[in-house]
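As a plain string of letters, each chain reads:
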Amino acid sequence: MQVRVMLFRLPAWAQDVLLALFITVMQVQGTIVRNSGEPELVLRPLADLGYLGYILLVVSGAAVAVRRRWPVAVFAATALASVVYYALDFPDGPGWLGLFVAIYTLTALGDGRRSLVTAGVGIAAMAACWLLAAADIQPPAAIGWVFFRIGASVMSAALGESVRSRKFIAAEALERAELAERTREEEARARVDEERLRIAREVHDTVAHAIAIINVQAGVTAHVLDKRPERARETLEAIEKTSSHALQEMRSILGVLRDDNDGRVPHPGLGQIDDLTAKAREAGLDVDLVASSPPSPVPSAVGSAVYRILQESITNVIRHVGPTRVTVGLEYGADTVEIRVRDEGRREPAGRDEAAPHPDDGWDKPGRGILGMRERCQLLGGELDAGPLPGGGFAVTARLPLAPTGTANV
């Protein structure tokens, strides 16, 4: 039904033309009918002065046809026509209809203060002219029509301002709603971007660690395959365990993209550090883990960051140094946790039968591992130091607050 009504709705210009025609007929016909029974009270017939009375009534009514396009000009034309009409003592009647519509349009389509000032000045000027023209009106009771015109003009201006204010408030509410919707969409996109960044970091850390271990074990396998088959079997089993664990962790990380929870493993945290060091030992590192007990439950974001920093540090040792001794320390304070990872540098193999080739040439190659660890620390309000040791080897030291100040989901 609403669609059907909209199909038959006239455009604004057609509505104004019909309104102007209606007002013109009402002003002319209404004035004639009202004064037809009392010709002795008519001071000046409408036909006097070259039918000027008819012309003024028609002009004030016809001007309404362009009220939306030129509201100020229409108000001025109708006001002038009304002042001239009553100043020349033409008979009273509904000749003020066009004026009231013009005043309403001026304030309804105006800008608030300026349109109200224009309407107020115009109404005051018309009221003075109407009162002067009615100073000698007979009978004296007929002056009530003058006050009616003044009051109706004020009411028309107030009604127009009320309509304008309601439209303005509705437009502001709509704008605020659209702004809130855009803000929600931007926040949702930001959360999606943060989650994508978190997943990318988790995938990078998981894959880099697993590939580094697999690379070392594959090198050992290729080196000892012919001479020590039993050692090759051990390294192949270590590769299988590492790749299986990496796949499970990948499924856990990417599981947020699915609706089900099947096949997920615990989120990496402090509880998985022993497994991490065990895998590092299988990769050929001599890991010495020294960890104190936390004074209180550690937030999951901090625990995950500790795990990832240790994982990235150990991965870098496997990738850049190869088999060596690594000291890992976790020390909890009252409000911070300190992570220390130190390696003794590359060892020279005692015999070629026992050692695998090193995967990389050293720590001097550029990479994003240290940068990623530093970003994790900064997101939680911590700090990270990394650099070579004077006597050889490399050290990574990170300090994280137990009450993280960052906002990122790590």
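Look up: the structure comes first, before these words.
Residues numbered from 1 in each chain as written. Predicted model: local features only at pLDDT ≥ 70, side-chain atom pairs only at ≥ 80, totals over all residues. Heavy atoms only, no water.

The next thing to look at is helix α4 (residues 71-87). A rise of 1.5 Å per residue sets the reference length of α4, with its 17 residues, at 24 Å; its end C-alpha atoms lie 24 Å apart and thus fit the reference within 8%. In the stretch just after α4, Asp89 is the one whose phi turns positive, near 65°. (Helix = DSSP H or I, 4+ residues; strand = E, 2+ residues; numbered from the N terminus. Expected span 1.5 Å × (residues − 1).)

What follows is about the sheet that holds strand β1 (residues 286-291). Pairing is mixed across the open sheet formed by 5 strands, whose spatial order is β1-β2-β3-β5-β4. Single-partner strands in this sheet number two, and they are β1 and β4 (383-388). The average angle at which neighbouring strand axes cross in this sheet is 10°, direction not considered. Contacts from helix α10 (residues 300-320) reach β2 (325-332), β3 (336-343), β4 and β5 (394-401), with the element oriented near 10° to β3. Strands β4 and β5 of the sheet are contacted by helix α11 (residues 369-379), whose axis makes an angle of about 155° with β4. (Pairing = 2+ DSSP bridges. Axes fitted to C-alpha atoms, helices over the stretch in contact; angles between N-to-C directions. Contact = heavy atoms within 4.5 Å.)

Tallied over the full model, the rule gives 15 salt bridges. Linking Arg184 and Glu181 is a salt bridge whose minimum nitrogen-to-oxygen distance equals 2.5 Å. Of this pair, Arg184 and Glu181 are both found in helix α7 (residues 144-224), 3 residues apart, which corresponds to roughly one turn of the helix. Given a relative accessible area of 45%, Arg184 falls into the partly exposed group. Residue Glu181 is classed as partly exposed on the basis of its relative accessible area, which comes to 35%. Through salt bridges that share partners, Glu331, Glu338, Arg340, Glu383, Asp385 and Arg399 make up one connected network. (Salt bridge = Lys/Arg side-chain N within 4 Å of Asp/Glu carboxyl O. Buried < 20%, exposed > 50% of the residue type's maximum accessible area, 1.4 Å probe, protein only.)

Examined against the element boundaries, Glu161 turns out to sit in helix α7. The class of Glu161 is buried, set by a relative accessible area of 15%. In this structure, Glu161 is in contact with Thr107, Ala108, Gly112 and Leu116, ignoring residues within four places of it in sequence.

In the Ramachandran plot, Leu49 falls in the positive-phi region, its phi being about 55° despite a non-glycine side chain. Residue placement: Leu49 occurs in helix α3 (residues 48-62). One non-glycine residue, Asp89, lies in the positive phi region at around 65°. Mapped onto the fold, Asp89 is located in the loop between α4 and α5 (97-108). Since its relative accessible area comes to 31%, Asp89 is described here as partly exposed.

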